[in-house]
Amino acid sequence: MNVLSIPTWIIHVSSVIEWIAAIWLIWTYGELTANRSWWGLSLAMLPALVSAMCACTWHYFDNSESLEWIVTLQATMTLVGNFTLLAAAWLIWRSAKIEVRD
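Here is what the cut-offs are and how they apply
- Residues numbered from 1 in each chain as written.
- Predicted model: local features only at pLDDT ≥ 70, side-chain atom pairs only at ≥ 80, totals over all residues.
- Heavy atoms only, no water.
- Helix = DSSP H or I, 4+ residues; strand = E, 2+ residues; numbered from the N terminus.
- Expected span 1.5 Å × (residues − 1).
- Buried < 20%, exposed > 50% of the residue type's maximum accessible area, 1.4 Å probe, protein only.
- Disulfide = S-S within 2.5 Å.
- UniProt positions renumbered as here; feature names shortened; annotations may be inferred.

An unreviewed UniProt entry annotates the protein chain as Ycf49-like protein originating from Trichormus variabilis.

Here is the structure:
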């Protein structure tokens, strides 16, 4: 029997799918508005996606001790993702400020 219940798996997998959809929608918004800072946000979301995929992978293999390095990778990607999202948000804020001045 797997460590996670079926409802928990549904939440995990749907969250990954939603994150992928959000990346695509934000990228598309950047294309429609011709504002590259939105593309930056979509790229900044990738480390968090890797983190989520690490969690799903580790759970899929029943939290195997031989794969504990995936937990470290997940934590690292979460940290990196938080900083890339911070930078992307700052770039969007800066581009909005520049547009208001023009």
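Next comes the rest of the write-up.
Caption draft 1: Spatial organisation of helix α3 (residues 46–60). Helix length check: α3 (15 residues) gives 21 Å between terminal C-alpha atoms against 21 Å at 1.5 Å per residue, within 8%. Along α3, the residues classified as buried are Pro47, Leu49, Ser51, Cys54, Ala55, Cys56, Trp58 and His59. Of the residues one or two after α3, Asp62 is the one with positive phi, at around 55°.

Caption draft 2: Quick peek at the state of the cysteines. Inspection of the entire model under this criterion finds zero disulfides. The thiol of Cys56 is unpaired, and the distance to the nearest cysteine sulfur, on Cys54, comes to 9.5 Å. Owing to a relative accessible area of 14%, Cys56 belongs among the buried residues under this scheme.

Caption draft 3: Structural detail: the UniProt feature "transmembrane region" (unreviewed entry) in the protein chain. As annotated by UniProt and renumbered to match this structure, "transmembrane region" (unreviewed entry) occupies residues 6–27, 39–61 and 73–93. Span residues 6–27 is 100% helix and 0% strand, its end C-alpha atoms 32 Å apart.

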